[in-house]
Amino acid sequence: MLFLSARNSAATVFLAATGAAVTPETTQQAIGYPSLFLLVLIGALVPVVPTGALVSSAAVVAFHQTTPFALLLVFAVASLAAFLGDVALYWLGRRGMKSRNGSRWLEAIRVRAPEDRLAQAQEKLRDHGATVLVLSRLVPAGRIPVMLACLLAKMPLRAFARGDIPACLAWAATYQVIGILGGSLFDEPWEGVVAAVVLTVALSLAPGLWRRVRGTEPRERPGKGTENPAGDPGNR
């Protein structure tokens, strides 16, 4: 009886200690970090998932947690997942470039890189080299055209990876700062998440809207002081 009582007491103490250790924050981290990694990785391979909004939302939740280094873990997970996704997509694109029939991954990259954006990316790549990868990660819809420009320039995978490391670090830091700002403005995490998502979506839509506005503006006509060509009758 004494042995059974002692064993039951030990089991009770163990269950109590386990229950105290498994806090809601621990559960969030056990689910949240792997989910963030997988979603950012998938978003890098299939550029339809709003990965910037995911990182900002995760940063809001981490900002309100008491666990030390929560924000640092979000930064590390997001930047690592983005880097691995970029490198994997570039490797798949290189395989498509070497294949006679191409590949669906290379075709997906081509479809998401309009000719005008590709031309700009190629020009910036010639002028600035692999450092243009940093800017491409920060500019909405700029990553894929620059990646295709690197593929067409036959940039080695190792050189692309070296340039992509600071790009992914800068990208994760930027969207994490947005999340921290959203988290600091509101007491409730869900309010900060909503604010961060709205801000990231607005930032992603702004360049496209600006290009549309510029495209619909009427072209400037030659002024009165514009000289006519030599063969123009008005110059005779």
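Residues numbered from 1 in each chain as written. Predicted model: local features only at pLDDT ≥ 70, side-chain atom pairs only at ≥ 80, totals over all residues. Heavy atoms only, no water.

A tally of helices and strands in the chain yields 10 helices and 0 strands. Along its sequence from the N terminus, the chain presents helices and strands in the succession α-α-α-α-α-α-α-α-α-α. Taken across its 236 residues, the chain has 31% of its residues classed as buried. For the chain, contacts bridging at least 24 residues in sequence account for 76% of all contacts bridging at least 6. When the accessible area of the chain is evaluated, it comes to approximately 15,000 Å², of which 65% is carbon and sulfur surface. (Helix = DSSP H or I, 4+ residues; strand = E, 2+ residues; numbered from the N terminus. Buried < 20%, exposed > 50% of the residue type's maximum accessible area, 1.4 Å probe, protein only. Contact = heavy atoms within 4.5 Å. Areas by Shrake-Rupley, 256 points an atom, 1.4 Å probe, with all protein chains shown as cover.)

This brings us to the pattern of salt bridges. Under the definition given, this model contains 2 salt bridges. For the salt bridge of Arg137 with Asp86, the shortest nitrogen-to-oxygen distance reads 2.9 Å. Pair noted here: Arg137 is in helix α7 (residues 132-138) and Asp86 is in helix α4 (residues 70-98), with a separation of 51 residues, a long-range link. For the residue pair Arg137 and Asp86, the accessibility class agrees, reading buried in each case. Note that Arg143 is salt-bridged to Asp86, the shortest N-O span being 2.6 Å. Taken together, the residues span a long stretch of sequence, with Arg143 in helix α8 (residues 143-152) and Asp86 in helix α4 at a distance of 57 residues. Accessibility assignment for this pair places Arg143 and Asp86 in one class, buried. A single network of salt bridges, built from pairs that share partners, joins Asp86, Arg137 and Arg143. (Salt bridge = Lys/Arg side-chain N within 4 Å of Asp/Glu carboxyl O.)

Here Ser136 lies in helix α7. Within the structure, Ser136 has its side chain in polar contact with the backbone oxygen of Leu133 (distance 2.7 Å). Look past the residues within four positions of Ser136 in its chain and what remains in contact with it is Gly142, Arg143 and Val146. (Polar contact = N/O pair within 3.5 Å; in protein donor to acceptor, adjacent residues only side chain to side chain.)

Another aspect to go through is a nonpolar patch on the surface. The grouping of Leu38, Ile42, Val46 and Val48 at the surface amounts to a nonpolar patch, some 340 Å² of accessible area in total. Within the secondary structure, Val46 sits in the loop between α2 (24-45) and α3 (51-63). (Patch = residues over 30% accessible without salt bridge, like charges linked within 9 Å, V, L, I, M, F, W, Y side chains within 5 Å.)

The phi torsion at Lys154 lies on the positive side, around 60°, for a residue other than glycine. Here Lys154 is to be found in the loop between α8 and α9 (157-185). Here Lys154 falls in the exposed class, since its relative accessible area comes to 68%.

Another aspect to go through is the nonpolar core. One finds Tyr90, Ile109, Leu148, Cys150, Met155 and Phe160 to be the most contacted residues of the largest nonpolar core, which totals 21 residues. Counting residues per element, the ones that place at least two in this core are α4, α5 (104-111), α6 (115-128), α7, α8 and α9. A per-element tally of this core places α8 first, with 7 residues. Contacts of Leu148, omitting those with residues within four sequence positions, involve Leu106, Ile109, Arg110, Ala113 and Leu118. Among the nonpolar cores identified, the runner-up in size contains 17 residues, and Tyr33, Ala70, Ala172 and Ile178 belong to it. (Core = buried A, V, L, I, M, F, W, Y, C linked by side-chain atoms within 4.5 Å.)

Turning next to the packing of aromatic side chains. Inspection of every chain in the model, using the stated rule, returns 2 aromatic pairs. Here the aromatic rings of Tyr90 and Phe160 are separated by 4.0 Å at their centres, their planes lie at 5°, and the arrangement is stacked. With Tyr90 in helix α4 and Phe160 in helix α9, the pair connects residues that are 70 residues apart, well separated along the chain. Classification of Tyr90 by relative accessible area gives buried; the value is 0%. What makes Phe160 buried here is its relative accessible area of 1%. Positioned above the aromatic ring of Trp171, the side-chain terminus of Arg137 is 4.7 Å from the ring centre. (Phe/Tyr/Trp six-rings, centres within 6.5 Å; stacked < 30°, edge-to-face > 60°. Lys NZ or Arg CZ within 6 Å of the ring centre and 35° of its normal.)

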